[in-house]
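# Coordinate analysis (summary)
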Amino acid sequence: MIDPFGRKISYVRVSVTDRCDLRCVYCMSENMVFKPKPELLSFDELERLCTTFVKLGIRKIRLTGGEPLVRHGIMGLIDRLGGLVKSGQLDELTLTTNGTQLVRHAEALAKAGIRRINVSIDTLDTQRFAAVTRGGKLDRVLAGIEAAKAAGIHVKVNTVALRGVNEDEIGDLVAWCGSQGHDLALIETMPLGEIADDRADQYVSLATIRRSLERRFALRDIDYRTGGPARYAEVIGTGTRLGFITPMSHNFCEACNRVRVTCTGTMYMCLGQEDAVDLRAPLRASEGDDLLESAILKGIARKPKGHEFVIERYAPAAVRRHMSVTGG
Ligand code: SAM
Ligand code: SF4
C-alpha cells in the first residue's frame, strides 16, 4: 500500500481496548469514560482485521491500547496472530504495555512468537511512579520486565519526558537501562485529548534533555531504525540504544509508514489529525473481506502529509481523542 506522498504503509498499530489499570497524568484524565463493550471489535473481528491488513502488505503489527494486557482473553488473539509470524506472513508482532500484567503473561507472549516489547516507565522512583500513573505500583512493573527478560523477550523502555516530573531522572533511566540490557526511547509529550494539567507545564524538548545527558554520557548517533520516527544514539560504554521521538520539536512525518486502528475499528491515518475511516461497519456488513479491503485502501489514499502539533499555554489539544483511544 502506497499513500499519496509515496510512503509505503507496512505497519499497523491496533488498539485492543481503551481501558487501562493506570491513569498516567499526560495520557488520561482521572475520570475517563470508556467505550461500551459491544462497540469494541470482538477477537474474531480483530483477527480478520489483522489478516486483511497482512493480505494488503502490512509486515508489522503492534497491539496497544489502553492497556492491551487488561483485555480478558487477549492471549488467544496474540497466539493466533503469532501464527502469522511463524508462517512468515508477518515480520513482527509486538506489544506496547505498561507492564503491570507481564509477570503472568511473559512466557505465553514469548511462546506466541513475540520477540520484543515496549514497556512504558517514566520514573524509577516508587512515589513518583505512583503519582504519574495515579496509583501504579513500580515493583510490579519491574517484576514484569524481569519476567519478560527471563522469557527471552527484548525490552525497550518508553519514557515520556515531563518537565518538573522526571526531567532530572532521565540520566538515571539511561544508566539503569544500560545495566539491564534494555533499549530506551524518550518521547516528547503530545497534545492528545484533554487532561487535568496544562500540557505547556509538562512539555520539555528532547533537545534540552539530550544536552544534559551529554554532560554525563558519551552519545554517538547511529543509523539503527525500527521503522518508526525515533532517531537513535548509542550510549558508549553500555551499548544501550537511546531513541529520541520528537514529534514536537522535530517532525519526522516524511518517513511515516503506519496507520492506527482503535478498539472500535476506526482507522486513523495520522495520530495528529481527525480524519478517519470506519472499518467496523464493513467488518460487520459481510463475512467476506472485500468491503473491508476497499475501506482500508480508501483510507490509505487519504493519508495526510503530517501532523501540526503545537503546545501553547491554554491551547486546546490538537485532537480531541486521548492517546489511549488512538493507541500509542
Ligand atoms: N498502556 C500501554 C503503555 O502505557 O505502554 C500502551 C498504550 S500507551 C497510550 C502507549 C504509549 O503512549 C506509552 O508509552 C505512553 O507513555 C505514551 N503516551 C500516552 N499519552 C501520550 C502523550 N500525550 N504524549 C506522548 N506520549 C504519550
Ligand atoms: Fe494507561 Fe498507557 Fe495511558 Fe498510562 S500511558 S494511562 S498505562 S494507556
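Let me begin by describing the structure that accompanies this report. (Residues numbered from 1 in each chain as written. Chains lettered and ligands numbered in written order. Predicted model: local features only at pLDDT ≥ 70, side-chain atom pairs only at ≥ 80, totals over all residues. Heavy atoms only, no water.)

Taken in spatial order, the 12 strands line up as S7-S8-S9-S6-S5-S4-S3-S2-S1-S10-S11-S12 in an open sheet, and their pairing is mixed. The outermost strands of the open sheet, each flanked by one partner alone, are strand S7 (219–221) and strand S12 (276–278). Neighbour-to-neighbour, the strand axes of this sheet turn through a mean angle of 25°, independent of strand direction. For strand S2 (residues 60–64) and strand S3 (residues 92–97), the ladder comprises 4 bridges, and the chain directions are parallel. Across the sheet, residue Arg 62 finds its bridge partner in S3, namely Thr 94. Lying over the sheet, helix H2 (residues 74–86) contacts S2 and S3, oriented at roughly 140° with respect to S3. (Pairing = 2+ DSSP bridges. Helix = DSSP H or I, 4+ residues; strand = E, 2+ residues; numbered from the N terminus. Axes fitted to C-alpha atoms, helices over the stretch in contact; angles between N-to-C directions. Contact = heavy atoms within 4.5 Å.)

In this model helix H1 (residues 43–55) runs 18 Å from its N-terminal to its C-terminal C-alpha over 13 residues, within 8% of the 18 Å that 1.5 Å per residue would give. Listed in full, the buried residues belonging to H1 are Phe 43, Glu 45, Leu 46, Leu 49, Cys 50, Thr 52, Phe 53 and Val 54. Gly 57 occupies a position one or two residues after H1 and carries a positive phi of about 115°. (Expected span 1.5 Å × (residues − 1). Buried < 20%, exposed > 50% of the residue type's maximum accessible area, 1.4 Å probe, protein only.)

This paragraph deals with the packing of aromatic side chains. A complete count under the given rule lists 1 aromatic pair for this structure. Where Tyr 224 meets Tyr 232, the ring centres are 4.9 Å apart and the plane angle is 80°; that geometry is what we call edge-to-face. Accessibility expressed as a relative area gives 2% for Tyr 232, which makes it buried. Across from the ring centre of Tyr 11, 4.6 Å away, lies the NZ or CZ of Lys 60, which sits over that ring. Sitting above the plane of the Tyr 224 ring, Arg 241 keeps its charged end 3.9 Å from the centroid. (Phe/Tyr/Trp six-rings, centres within 6.5 Å; stacked < 30°, edge-to-face > 60°. Lys NZ or Arg CZ within 6 Å of the ring centre and 35° of its normal.)

Before going further, it helps to examine the packing of H1 against helix H10 (residues 290–300). Relative orientation of the contacting elements H1 and H10 amounts to 65°, with a least axis distance of 10 Å. In this structure, the crossing between H1 and H10 has a hand that is right-handed. In this structure, H1 uses Arg 48, Leu 49, Thr 52, Phe 53 and Lys 55 to contact H10, whose residues at the interface are Leu 292, Glu 293 and Ile 296. In terms of residue class, the contact of H1 with H10 is built from 4 nonpolar, 1 polar and 3 charged. (Left-handed = near helix turned anticlockwise from the far one by under 90°. Nonpolar A, V, L, I, M, F, W, Y, C, P; charged D, E, K, R; others polar.)

So, on to the site of ligand 1. Surveying the vicinity of ligand 1 reveals 19 residues, the closest of which are Tyr 26, Gly 66, Thr 96, Ser 120 and Met 190. Thr 97 has a polar backbone atom sitting 3.2 Å from an oxygen atom of ligand 1. The separation between an oxygen atom of ligand 1 and a polar side-chain atom of Asn 158 is 3.4 Å. Within the residue set of the shell around ligand 1, elements represented by two or more residues are S3, strand S5 (154–161) and strand S6 (183–188). (Near = heavy atom within 4 Å. Polar contact = N/O pair within 3.5 Å; in protein donor to acceptor, adjacent residues only side chain to side chain.)

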